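# Structure assessment
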Amino acid sequence: MITERGCGARSNCLAVLTLASDSVPVTGQGKRRRRQEAERQRLAARTAPDVGRWEVFFETQDKAQLRARLRRLREARIDGSMIRIDTLCGRLALPTTYRLSRFVADPACESDHEHSDH
């Protein structure tokens with residue numbers, strides 16, 4: 001793995017490429033990376049296409065409405081990992097649209113999981 005070390009915001013600076021093995025490890029960084037990767041894999045398994053689908057339940061062009069809806073979801077203690085926010089950038093021709101989707105598990109998959117545990 002190759003990492004890049006530069007000198008920040010200066011534009012006339014030459015970046016130096018070094019091997020990641022040459023870098024000095026930060027205490028606890030490996031453990032945190034492994035934990036984050038395990039979380040990503042668990043979420044990917046929970047939201048895999050063969051397990052269910054993403055269903056749009058709210059769409060708006062008003063960012064304040066989006067924030068209000070997210071606040072209500074948090075107050076209702078909805079699992080945030082099962083909510084997806086899509087931002088559809090409109091550029092000049094169309095306004096930006098915000099879309100909230102929730103993951104809906106396929107009932108057939110849920111019954112398969114229940115029977116496989118017994």
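Please read all numbers here as calculations on a predicted model, not as lab measurements.

Let's shift gears to the overall build of the chain. Broken down by element type, the chain carries three helices and five strands. For the chain, the sequential pattern of α-helices and β-strands runs β-β-α-β-α-β-β-α. The buried share of the chain, reckoned over its 118 residues, is 17%. Once local pairs closer than 6 in sequence are excluded, the contacts in the chain between residues at least 24 apart make up 52%. With an accessible surface of roughly 9,800 Å², the chain has 52% of that area assigned to carbon and sulfur atoms.

Judged by nonpolar contacts, Phe57, Phe58, Leu66, Leu70, Leu73, Ile83, Tyr98 and Leu100 together constitute the single largest core of eight residues. Of all elements in the fold, only β3 (52-60), α2 (63-75) and β5 (97-105) reach the threshold of two or more residues within this core. In terms of residue count, the dominant contributor to this core is α2 (three residues). With near-sequence residues (within four places) excluded, Ile83 lies in contact with Trp54, Phe57, Leu73, Ile78, Leu100, Ser101 and Arg102.

Turning next to the environment of Ile85. Looking at where Ile85 falls in the secondary structure, it is placed in strand β4 (residues 83-88). Note on Ile85: relative accessible area 44%, which makes it partly exposed. Separated by 19 residues in sequence, Ile85 and Leu66 have C-alpha atoms that sit 9.3 Å apart. Sequence-distant contacts of Ile85, that is, excluding residues within four places in its chain, are made with Leu66, Leu70, Arg99 and Leu100.

This brings us to the confidence of the model for the chain. Averaged over the chain, the pLDDT score is 78; the fraction of residues at 70 or greater is 69%. Per-element confidence in the chain ranges from a low mean pLDDT of 45 for strand β1 (residues 2-5) to a high of 94 for α2. In this model, residues 1-11 is a region of pLDDT below 50 whose contacts with residues beyond four sequence positions or in other chains number 19 contacts.

Here we come to unusual backbone geometry. Excluding glycine, residues mostly carry a negative phi; peptide bonds, for their part, are mostly trans. Here the phi dihedral of Arg77 falls at roughly 60°; this positive angle occurs in a residue that is not glycine. Assignment of secondary structure puts Arg77 in the loop between α2 and β4. Given the relative accessible area of 76%, Arg77 is considered exposed.

This model, assessed by the stated rule, comprises one aromatic pair. Arranged with centres 5.3 Å apart and planes meeting at 70°, the rings of Trp54 and Phe103 form a pair that is edge-to-face. Here Phe103 lies in strand β5 and Trp54 lies in strand β3, a separation of 49 residues in the sequence. The ring of Phe57 is capped by Arg102, whose NZ or CZ atom sits 4.2 Å from the centre of that ring.

Let us look at a positive patch on the surface. A contiguous patch of positive charge on the surface is contributed by Lys63, Arg67, Arg71, Arg72 and Arg74. Relative to the assigned elements, Arg67 resides in helix α2. A relative accessible area of 46% places Arg67 in the partly exposed class.

Conventions adopted
- Residues numbered from 1 in each chain as written.
- Predicted model: local features only at pLDDT ≥ 70, side-chain atom pairs only at ≥ 80, totals over all residues.
- Heavy atoms only, no water.
- Helix = DSSP H or I, 4+ residues; strand = E, 2+ residues; numbered from the N terminus.
- Buried < 20%, exposed > 50% of the residue type's maximum accessible area, 1.4 Å probe, protein only.
- Contact = heavy atoms within 4.5 Å.
- Areas by Shrake-Rupley, 256 points an atom, 1.4 Å probe, with all protein chains shown as cover.
- Core = buried A, V, L, I, M, F, W, Y, C linked by side-chain atoms within 4.5 Å.
- pLDDT = per-residue confidence, 0-100.
- Phe/Tyr/Trp six-rings, centres within 6.5 Å; stacked < 30°, edge-to-face > 60°.
- Lys NZ or Arg CZ within 6 Å of the ring centre and 35° of its normal.
- Patch = residues over 30% accessible without salt bridge, like charges linked within 9 Å, V, L, I, M, F, W, Y side chains within 5 Å.
- Salt bridge = Lys/Arg side-chain N within 4 Å of Asp/Glu carboxyl O.
- Lys, Arg positive; Asp, Glu negative; His and termini not counted.
- Charge placed at Lys NZ, Arg CZ, Asp CG, Glu CD.

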